[in-house]
Amino acid sequence: MPKIEETRPKYLQIAHHLRDQILRGDLRPGGDVPSERQLAADWGVSRPTAARSLETLRHQGLVEKRQGSGTYVRGPAVHRRAHDLHGRAKQPPKTSPPGEHAVMTSAGRSEAPDHVAKSLNLAPGARAVHRQWVTRNDSGPIALSASWFAPDVGDRAPKLLDPDRIPDGPLRYVEHMTGRQGSYAEDRMCARPATENEASGLELEPGSAVLIVHHVVYDLQDHPLEFVEATYPPHRWAFEQGYPLG
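Residues numbered from 1 in each chain as written. Predicted model: local features only at pLDDT ≥ 70, side-chain atom pairs only at ≥ 80, totals over all residues. Heavy atoms only, no water.

(A) Focus on the pairing of strand β1 (residues 63-66). Direction of pairing for β1 relative to strand β2 (residues 70-73): antiparallel, over a ladder of four bridges. Bridging from a neighbouring strand, Lys 65 pairs with Thr 71 of β2. What sits between the antiparallel neighbours β1 and β2 is a turn of three residues, in which Gly 68 has the positive phi angle 75°. (Pairing = 2+ DSSP bridges. Helix = DSSP H or I, 4+ residues; strand = E, 2+ residues; numbered from the N terminus.)

(B) Helix α3 (residues 47-59), seen in detail. Compared with the 18 Å implied by 1.5 Å per residue over 13 residues, the 18 Å span of α3 between its first and last C-alpha is a close match. Burial in α3 covers these residues: Ala 50, Ala 51, Ser 53, Leu 54, Thr 56, Leu 57 and Arg 58. Lining the buried residues of α3 we find α1 (10-24), α2 (36-43), β1 and β2. Gly 61, located one to two residues past α3, shows a positive phi value of around 75°. (Expected span 1.5 Å × (residues − 1). Buried < 20%, exposed > 50% of the residue type's maximum accessible area, 1.4 Å probe, protein only. Contact = heavy atoms within 4.5 Å.)

(C) Broad picture of the packing of aromatic side chains. One pass over the structure, following the stated rule, counts one aromatic pair. Geometrically, the ring pair formed by Tyr 184 and Tyr 218 is stacked, given 5.1 Å between the ring centres and 15° between the ring planes. Linking Tyr 184 in strand β6 (residues 182-193) with Tyr 218 in strand β7 (residues 209-219), this pair joins segments that are 34 residues apart in sequence. For the pair Tyr 184 and Tyr 218, a shared accessibility class is recorded, and that class is buried. (Phe/Tyr/Trp six-rings, centres within 6.5 Å; stacked < 30°, edge-to-face > 60°.)

(D) Structural detail: the side chain of Arg 19. Mapped onto the elements, Arg 19 comes out in helix α1. For the buried Arg 19, no salt bridge is present, and the opposite-charge side chain at shortest range is Glu 186, 4.9 Å distant. (Lys, Arg positive; Asp, Glu negative; His and termini not counted. Salt bridge = Lys/Arg side-chain N within 4 Å of Asp/Glu carboxyl O.)

(E) Expanded view of the pattern of salt bridges. Following the criterion strictly, the structure yields eight salt bridges and no others. Where Glu 64 meets Arg 74, a salt bridge forms, and the shortest distance between an N and an O atom there is 3.8 Å. Taken together, the positions of Glu 64 in strand β1 and Arg 74 in the loop between β2 and α4 (81-87) put the pair 10 residues apart, joining distant regions of the chain. According to the relative accessible area criterion, Glu 64 is partly exposed, its value standing at 27%. Glu 203 serves as the salt-bridge partner of Arg 136, at 3.1 Å between the closest nitrogen and oxygen. A residue pair is termed long-range when its members are at least 10 positions apart, and Arg 136 in strand β4 (residues 127-137) and Glu 203 in the loop between α8 (196-201) and β7 qualify at 67 residues. Linked through salt bridges whose partners overlap, the residues forming this network are Glu 64, Arg 66 and Arg 74.

(F) Highlighting the environment of Ser 183. Checked against the element boundaries, Ser 183 lands in strand β6. C-alpha of Ser 183 to C-alpha of Val 217: the two residues are 34 residues apart in sequence and 7.3 Å apart in space. Once residues lying within four places of it in the same chain are set aside, the contact partners of Ser 183 are Arg 8, His 16, Asp 20, Tyr 218, Asp 219 and Leu 220.

Here is the structure:
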């Protein structure tokens, strides 16, 4: 039976476990999700608790219930950029989709912006570890991404400071070096004008509108482990979700 932590309600523990499997790709779009009966048996909880965990995933747009059939993982959003870049962070690295490649632009320590420091529970002005890269294809930049870690993580995982590619991926490397394990992630999306750095990296006019995705990975103790900020130019990303009326 999976371990249930007492720090969060049981239904959230189950929902976070399933969400992690979906984001990693262990549960793939169109595939079925364990039933309420199966979840109740596996986790040692009541059927209503299991049902509430599935309802949480439905509200998040990750699964859909088909009457008389079961619950299934929803298909990915248009272009799937946020999922491709972040949802599979713990999977072994694979080759990029045809025609796409990522170029590291910087790595090292620098003062964390206020929103990064707040997300990582750092003091204002703290110098955090960052890695920045641009994903491109033949049409130009697809996304500008920056991954941030707390200073002590950089002390224990020194390859983060090197702009070279990390074979197992930054998150797996950090888990191996620190003993901390990523448990679940939370995403936040918004739109705003591009900063000077973002406009330059994405080859946009200053002040162009961009989509921002903040992706925070938490460990088993609910402490933030990694903060990723991805910036997408216009017409390169879209979010789609269908839902019933009435």
